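So the chains spell out like this:
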Amino acid sequence: MRNTKPLGLAAMAAAAALTLTACGGGGEQAGGGETGGSGESVRIGIKYDQPGLGFRDGDQYTGFDVDVAKYVANELGYSEDQIEWVESPSANRENMLANDQVDMIFATYSITEERDQTVDFAGPYFVAGQDLLVRTDDTSITGPDDLEGKNLCSVTGSTSAQKVKEDQPGANLVEQPGYADCLTALESGQVDAVTTDDIILAGLAATEANQGKFKVVGNTFSEERYGVGLPQGSDQCEAVNEAITKMIDEGAWEEAVTANTEGADYQYNAELNPPEPEPCGE
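Note that the coordinates shown come from a computational prediction; the quantities given were computed from them, not determined experimentally.

Conventions used here
- Residues numbered from 1 in each chain as written.
- Predicted model: local features only at pLDDT ≥ 70, side-chain atom pairs only at ≥ 80, totals over all residues.
- Heavy atoms only, no water.
- Phe/Tyr/Trp six-rings, centres within 6.5 Å; stacked < 30°, edge-to-face > 60°.
- Helix = DSSP H or I, 4+ residues; strand = E, 2+ residues; numbered from the N terminus.
- Buried < 20%, exposed > 50% of the residue type's maximum accessible area, 1.4 Å probe, protein only.
- Disulfide = S-S within 2.5 Å.
- Axes fitted to C-alpha atoms, helices over the stretch in contact; angles between N-to-C directions.
- Parallel < 35°, antiparallel > 145°, perpendicular 65-115°, else oblique.
- Contact = heavy atoms within 4.5 Å.
- Nonpolar A, V, L, I, M, F, W, Y, C, P; charged D, E, K, R; others polar.
- Left-handed = near helix turned anticlockwise from the far one by under 90°.
- Pairing = 2+ DSSP bridges.

## Focus: the packing of aromatic side chains
Enumeration over the complete set of coordinates arrives at 10 aromatic pairs. On the numbers, 5.7 Å between centres and 55 degrees between planes, the contact of tyrosine 48 with tyrosine 61 is tilted. A residue pair is termed long-range when its members are at least 10 positions apart, and tyrosine 48 in the loop between β1 (42-46) and β2 (49-50) and tyrosine 61 in strand β4 (residues 60-62) qualify at 13 residues. Judged by its relative accessible area of 14%, tyrosine 48 falls in the buried class. An aromatic cluster of at least three residues, connected via ring pairs, comprises Phe64, Phe106, Tyr125, Phe126, Tyr226, Trp253 and Tyr268.

## So, the state of the cysteines
Across all of its chains, the model carries 2 disulfides by this definition. Covalent S-S linkage joins cysteine 237 and cysteine 280, the inter-sulfur distance amounting to 2.0 Å. Since a negative S-S torsion denotes a left-handed disulfide, the cysteine 237-cysteine 280 link at about -90 degrees is left-handed. Of this pair, cysteine 237 sits in helix α7 (residues 237-250) while cysteine 280 sits in the segment after α8 (252-261), placing them 43 residues apart in sequence. Described in terms of the sequence order of its bonded cysteines, the disulfide pattern of the chain is 1-2, 3-4.

## Examining the packing of α7 against α8
Contact geometry for α7 and α8: axes closest at 4 Å, N-to-C directions at 75 degrees. Here α7 is positioned roughly perpendicular relative to α8, judged by the angle of their axes. Contacts between α7 and α8 involve Met247, Ile248 and Glu250 from the former and Ala252, Trp253 and Ala256 from the latter. Of the residues contributing to the contact of α7 with α8, the split by class is 5 nonpolar, no polar and 1 charged.

## Digging into the packing of helix α2 (residues 64-75) against α7
Interhelical geometry of α2 versus α7 gives an angle of 115 degrees and a closest axis separation of 9 Å. Judged by the sense of rotation from one axis to the other, the crossing of α2 with α7 is right-handed. The segment α2 lies against α7, with Asp67, Val68, Tyr71, Val72 and Glu75 engaging Val240, Ala243, Ile244, Lys246, Met247 and Glu250. Across the contact of α2 with α7, the residue classes tally to 7 nonpolar, no polar and 4 charged.

## Some details on the sheet that holds strand β9 (residues 151-155)
Pairing between the strands of a sheet is mediated by backbone hydrogen bonds and can be parallel or antiparallel. Strands sit in the order β10-β9-β11-β8-β12 across an open sheet of 5 strands; the sheet is mixed. In this open sheet, the two strands that pair with only one neighbour each are β10 (172-176) and β12 (214-216). In this sheet, neighbouring strand axes are inclined to one another by 30 degrees on average, regardless of whether the strands run parallel or antiparallel. In this structure, β9 lies alongside strand β11 (residues 193-197), joined through 2 bridges in parallel fashion. Its bridge partner lying in β11, leucine 152 is registered against alanine 193. Each of β8 (130-135), β9, β10, β11 and β12 is contacted by helix α5 (residues 179-188), which is oriented at about 150 degrees to β11, the strand it contacts most. Sheet strands in contact with helix α6 (residues 198-205) are β8, β11 and β12, and its direction is about 125 degrees off that of β11.

See below:
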């Protein structure tokens, strides 16, 4: 983290004890510096354009990823006003970690073998699955097997669109620049369904403008383990995993999921969630 020493396992107990002092301007922070007005910060990458997950509205940052990031940062000894939010588009995430532009990333960042070659991951803190969003009154689509001859929208170049091309060739794939465009097409009847990760769909459906219009089918057909991206060689993985586990155990994880998907008629996959963080270094 910026201008601080790495927080090792031996310092975890001290970090937890000192979390309260981080808001008060006195005492020493877990990273070794003074808290409060010292100017020290942690740079956290999030999405700015995913309602319910990572969303920026002026100087307000909201969503499930944001809530998990705040909780983890607090456990590491950083108060909320010491967080520097950094927009982290999907295509830039590996480079941003490698180039020291961010300290960690919470941005629907799926753990994959390919990515694990260049960055480290803590977590997962959520296991998503590709799903379908349909109009609330539509009972004709209950899963991917019902897509034959249907118009299905996804974002150009996304892994979701690619999976549809490979696994559901009978669907008529309509690609749009963003998911907001897909929802406009779904509402107007130009497409029959929208596809991406289930919690992303739930976040879109839960916005004030969309509540009551759409529903998540709830029949996932992939597994996406959302991890916390860390620079390769980071010593933060164990500390982040402990924070995620504590968030789950305290019930704050469940509260965050519910608050950020309310109004979307959404249930996460209870067989996979809440997940148990994987051992670091594997």
